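# Chains, contacts and geometry: an overview
So you can see what is in the structure, the chains are spelled out below.
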Amino acid sequence: MSMEDALRVRELVKQHTKWFEESLPMIASENVISPMAMELMITDLHNRYAEGLPGKRYYQGNIYVDQIEEITTELAKKLFKTDYADVRPISGTNANQAVLFALTSPGDVITGPPLEGGAHISSAKFGAVGMRGVTKIEYPFDVEEMNLDVDLTAKLIRQVKPKVALFGRSVFLFPAPIKELKDVLDEVGARVWYDGAHVLGLIAGGKFQDPLREGVHVVTGSTHKTLPGPQRGIIIANPPGEDEEKKAKFWKKIQRGVFPGVISNHHLHTMAALAVSLAEHIEFGAKYADQIVRNAKALAQALYEYGFKVLGEKRGFTESHTILVDVKEQGGGRRVAVDLEKANIICNFNLLPYDDPRKPMNPSGIRLGVQELTRVGMKESEMQHVADLIKRVAMDNEPPEKVREDVIAFKKDYTKVHYCFGDGEYPAYPFYELFRV
Ligand SMILES: *Cc1c(COP(=O)(O)O)cnc(C)c1O
């Protein structure tokens, strides 16, 4: 019986994989990994432990792991043009926990973006921020600009004098106004923390903004959203302080926040995969990031021309991989996202800035990300087709099952991974059989 259960799960994984191969995955936080990165994930590294840093381990057996970690760290430094990188966090939330642990104490006050303005749950009182016993005071949001209201945010920062000022969001259409706020952040002496989970691949590709050069002290992020690597996290920094000693002290605090702060073993198989993904992004990241932003703008424009209420119109809809659409007139975010799923178009319903944050289950918006469609080879002209498929479900109310047939036919030409070693040669949605039934 238990064998049957195991095989049943295996069969479900196969079905899931095939479904995604035949779908348009548009969840803005997802991506597909390259063949060489995938290969290293199903290796003996998965079975092992390493704690601490290379050369300072608490376990034996890390001779090769140490070299792998050193190379991964060097690649991260090179990609993000910094001397400070920690590749051990096992997710973006985990990286955030480490920074909170390092830079705050229970009872502290920090500032950050509001939930309905796209902040991540880890910065909410029921997330990692709350768990640290820290209070987050929210920046005022400007719906027209789809960004923080710079003047009111400056005023708030001056009033609150936060120990840490957090920027970065999960609905991240336009760069955070770090340059505009730099003077006031300096004035109150805040540590500036940028959560770049969503846009890390765009930043590394030279698109979007360059937080470390704009006055940010520490950047956290996930390595599997626009940076198309394994599910994992990273911390990079430009530490504050006039001299190397002060900088080193800040960085040591961050690294101790990671270990022993919030992780023990740091998942060595995905770390090796990350090394490959970082190397690939050094090579292909600029081209990939450029195409992502082009595609997002093209999709937004096409939907707008069909009559959809795409947010951020005033500023050209988006500067990232994400677009946000108000579908209240089409029955609300939930209705649209559920019907799109039946048509094999996978996205999420999303709070809009003017929605009630206490009612997250039926908001007015959907969030669409184009980073995975770009990764499997789609360009601007394909975005027009994607917009058409979305319109048929959301606006024309065609039966989703009928649209699904067209989605499956359309997707057949986009099942290989691009912007990686072996560009265009390997399946994006593989299932590797290791077990013989
Ligand atoms: C996705 C996201 C995270 C969390 O990352 P995980 O890797 O899923 O833990 C943190 N912050 C922001 C802004 C995010 O969008």
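Structure shown above.
Residues numbered from 1 in each chain as written. Predicted model: local features only at pLDDT ≥ 70, side-chain atom pairs only at ≥ 80, totals over all residues. Heavy atoms only, no water.

## Overview of the environment of Asp 326
For clarity, the cut-off: Put simply, DSSP H or I for four residues or longer makes a helix, DSSP E for two residues or longer makes a strand, and each gets a number counted from the N terminus. For the exposure calls, accessible area comes from a 1.4 Å probe over protein chains only, and a residue counts as buried if that area is under 20% of its type's maximum, exposed if over 50%, partly exposed in between. Residues adjacent in sequence count toward polar contacts only when both atoms are side-chain atoms; beyond that, a polar contact is any pair of N or O atoms within 3.5 Å, and within protein one must be able to donate a hydrogen and the other to accept it.
Relative to the helices and strands, Asp 326 is located in strand 14 (residues 322–326). Given the relative accessible area of 6%, Asp 326 is considered buried. Separated by 31 residues in sequence, Asp 326 and Pro 357 have C-alpha atoms that sit 15 Å apart. From its side chain, Asp 326 meets the backbone nitrogen of Lys 328 in a polar contact 2.9 Å long.

## Section: the sheet that holds strand 5 (residues 109–112)
In plain terms, the rule: The pairing criterion is simple: DSSP has to find at least two bridges between the two strands. Working convention: axes come from line fits to C-alpha atoms, limited for helices to the stretch in contact. Angles between N-to-C directions cover 0 to 180 degrees. Contacts between residues were defined by any pair of non-hydrogen atoms, one from each residue, lying within 4.5 Å.
Taking strand neighbours across the sheet as the criterion, the seven strands line up as 4-12-11-10-9-5-6 in an open arrangement whose pairing is mixed. Every interior strand has two partners, whereas the edge strands, strand 4 (84–86) and strand 6 (135–138), have only one. With direction set aside, neighbouring strand axes in the sheet form an average angle of 20 degrees. Its contacts with the sheet put helix 4 (residues 92–103) on strand 9 (164–167), strand 10 (191–195), strand 11 (218–222) and strand 12 (233–237), and the angle it makes with strand 11 is roughly 155 degrees. Lying on the sheet, helix 6 (residues 150–160) is in contact with strand 5, strand 6 and strand 9; it crosses strand 5 at an angle near 175 degrees.

## Things to note about helix 15 (residues 400–411)
What counts is decided by this rule: Expected helix span is computed as 1.5 Å times (number of residues minus one). The reported arc concerns the directions from the helix axis to the C-beta atoms and nothing else.
Here helix 15 contains twelve residues, and its C-alpha end-to-end distance of 16 Å stays within 8% of the 16 Å for a straight helix at 1.5 Å per residue. Within the sequence span of helix 15, burial applies to Pro 400, Val 403, Val 407, Phe 410 and Lys 411. Buried residues of helix 15, seen end-on, are gathered within an arc of 85 degrees and therefore sit on one face of the element. Contacts from the buried residues of helix 15 go to helix 1 (2–21), strand 1 (24–25), helix 12 (333–342), strand 15 (345–346) and helix 14 (380–394).

## Observations regarding the packing of helix 6 against helix 7 (residues 178–188)
Using the following cut-off: In this scheme, roughly parallel covers angles under 35 degrees and roughly antiparallel covers those over 145, while 65 to 115 is roughly perpendicular and the rest are oblique.
Two numbers describe how helix 6 lies on helix 7: the axes approach to 9 Å, and their chain directions differ by 5 degrees. Between helix 6 and helix 7, the angle is such that the two are roughly parallel. Mapping the contact onto sequence places Val 150, Thr 153, Ala 154, Ile 157 and Arg 158 in helix 6 and Glu 180, Leu 181, Val 184, Leu 185, Glu 187 and Val 188 in helix 7.

## Looking at the nonpolar core
This is how it is decided: Remark: nonpolar core denotes a set of buried residues (Ala, Val, Leu, Ile, Met, Phe, Trp, Tyr, Cys) joined through side-chain atoms within 4.5 Å.
Within the largest apolar cluster, 101 residues are counted, with the highest numbers of intra-cluster contacts made by Leu 24, Met 26, Phe 167, Tyr 194, Leu 299, Leu 303 and Leu 368. Examining the composition of this core, we find that 15 residues originate from one element, helix 11 (residues 268–305), more than from any other. Sequence-distant contacts of Leu 24, that is, excluding residues within four places in its chain, are made with Asn 344, Ile 345, Ile 346, Leu 373, Met 378, Val 386, Leu 389, Val 407, Phe 410 and Lys 411.

## Some points on the site of the ligand
We count it as follows: We call a residue near a molecule or strand as soon as one heavy atom of that residue lies within 4 Å of the molecule or strand. Here the accessible surface of atoms and residues is derived via Shrake-Rupley with a 1.4 Å probe, and residues count as covered only by protein chains that are part of the display. Side-chain classes are defined by residue name, with Ala, Val, Leu, Ile, Met, Phe, Trp, Tyr, Cys and Pro counting as nonpolar, Asp, Glu, Lys and Arg as charged, and the others, Gly among them, as polar.
Taken together, 13 residues sit near the ligand, with Gly 92, Thr 93, Ser 170, Asp 195 and Lys 225 positioned nearest. Between the ligand and the protein, one listed contact pairs an oxygen atom with a side-chain N or O atom of His 198 at 3.4 Å. Lys 225 places a polar side-chain atom, nitrogen or oxygen, 3.0 Å from an oxygen atom of the ligand. When isolated, the ligand has an accessible area of 380 Å², and the protein chains bury 87% of it. Considering each element in turn, the shell around the ligand owes the most residues, three residues, to helix 4. The class makeup of the residues in the shell around the ligand is one nonpolar, nine polar and three charged.

## Structural notes on the layout of surface pockets
Keep this limit in mind: Site definitions follow a grid-based scheme: protein atoms alone, a 1 Å grid, a 1.4 Å probe that fits but cannot get out for cavities, and for pockets an open set with protein on both sides within 12 Å along at least five of seven lines, plus lining residues having an atom within 4 Å of a point. Grid points are joined across faces, edges and corners, and a volume is the space filled by probe spheres set on the points.
In this structure, the largest pocket spans a volume of roughly 900 Å³. For the largest pocket, the lining is made up of 43 residues, of which Leu 115, Ala 119, His 120, Ile 121 and Ser 170 are closest to its centre. At the level of secondary structure, the elements contributing two or more residues to the lining of the largest pocket comprise helix 4, strand 6, strand 11 and strand 16 (348–350). Broken down by class, the residue content of the lining of the largest pocket amounts to 15 nonpolar, 18 polar and ten charged. Computed from the structure, the second largest pocket encloses a volume of approximately 710 Å³.

## Overview of a nonpolar patch on the surface
Keep this limit in mind: Only residues whose relative accessible area exceeds 30% and that take part in no salt bridge are eligible for patches, with like-charged residues grouped when within 9 Å of each other and nonpolar side chains (Val, Leu, Ile, Met, Phe, Trp, Tyr) grouped when within 5 Å. Salt bridges are counted wherever a side-chain nitrogen of Lys or Arg sits within 4 Å of a carboxyl oxygen of Asp or Glu.
A contiguous nonpolar surface patch, about 340 Å² in accessible area, is contributed by Met 3, Phe 435 and Val 437. Along the chain, Met 3 turns up in helix 1. Judged by its relative accessible area of 45%, Met 3 is partly exposed.

## Side note on the packing of helix 4 against helix 10 (residues 244–262)
What counts, and what does not: Handedness of a crossing is defined here by the sense of rotation of the near helix relative to the far one, left-handed for an anticlockwise turn of less than a right angle and right-handed for a clockwise turn.
It is at 8 Å that the axes of helix 4 and helix 10 come closest, and there the two elements cross at 120 degrees. When the interaxial angle is binned, helix 4 and helix 10 end up oblique. Judged by the twist between their axes, the crossing of helix 4 over helix 10 is right-handed. Taking contact as the criterion, the partners of Asn 94, Gln 97, Ala 98, Val 99, Phe 101, Ala 102 and Leu 103 in helix 4 are, on helix 10, Phe 250, Lys 253, Ile 254, Gly 257, Val 258, Gly 261 and Val 262. By residue class, the composition of the contact of helix 4 with helix 10 is nine nonpolar, four polar and one charged.

## Some details on a negative patch on the surface
Quick note on the threshold: For the purpose of charge, His is not counted, nor are the chain termini; Lys and Arg are scored as positive and Asp and Glu as negative. To locate a charge, take atom NZ for lysine, CZ for arginine, CG for aspartate or CD for glutamate.
Together, Asp 83, Asp 243, Glu 244 and Glu 245 make up a region of like negative charge exposed at the surface. Mapping Glu 245 onto the fold places it in helix 10. Exposure remark for Glu 245: the relative accessible area of 68% places this residue in the exposed category.

## Quick word on helix 14
With 15 residues, helix 14 should cover 21 Å at 1.5 Å per step; its first-to-last C-alpha distance of 21 Å lies within 8% of that length. For helix 14, every residue scored as buried is listed here: Glu 382, Met 383, Val 386, Ala 387, Leu 389, Ile 390, Lys 391, Arg 392, Val 393 and Ala 394.

## Looking at unusual backbone geometry
Along the chain, Phe 259 connects to Pro 260 via a cis peptide bond; the corresponding omega equals 5 degrees. Summarising the element assignment, Pro 260 is placed in helix 10. In this structure, Phe 317 takes a positive phi of about 75 degrees despite not being glycine. Given a relative accessible area of 5%, Phe 317 falls into the buried group. Its identity as a non-glycine residue notwithstanding, Asn 344 has a phi of 65 degrees, on the positive side. Residue position: Asn 344 is located in the loop between helix 12 and strand 15.

In short, geometric facts, not functional conclusions.
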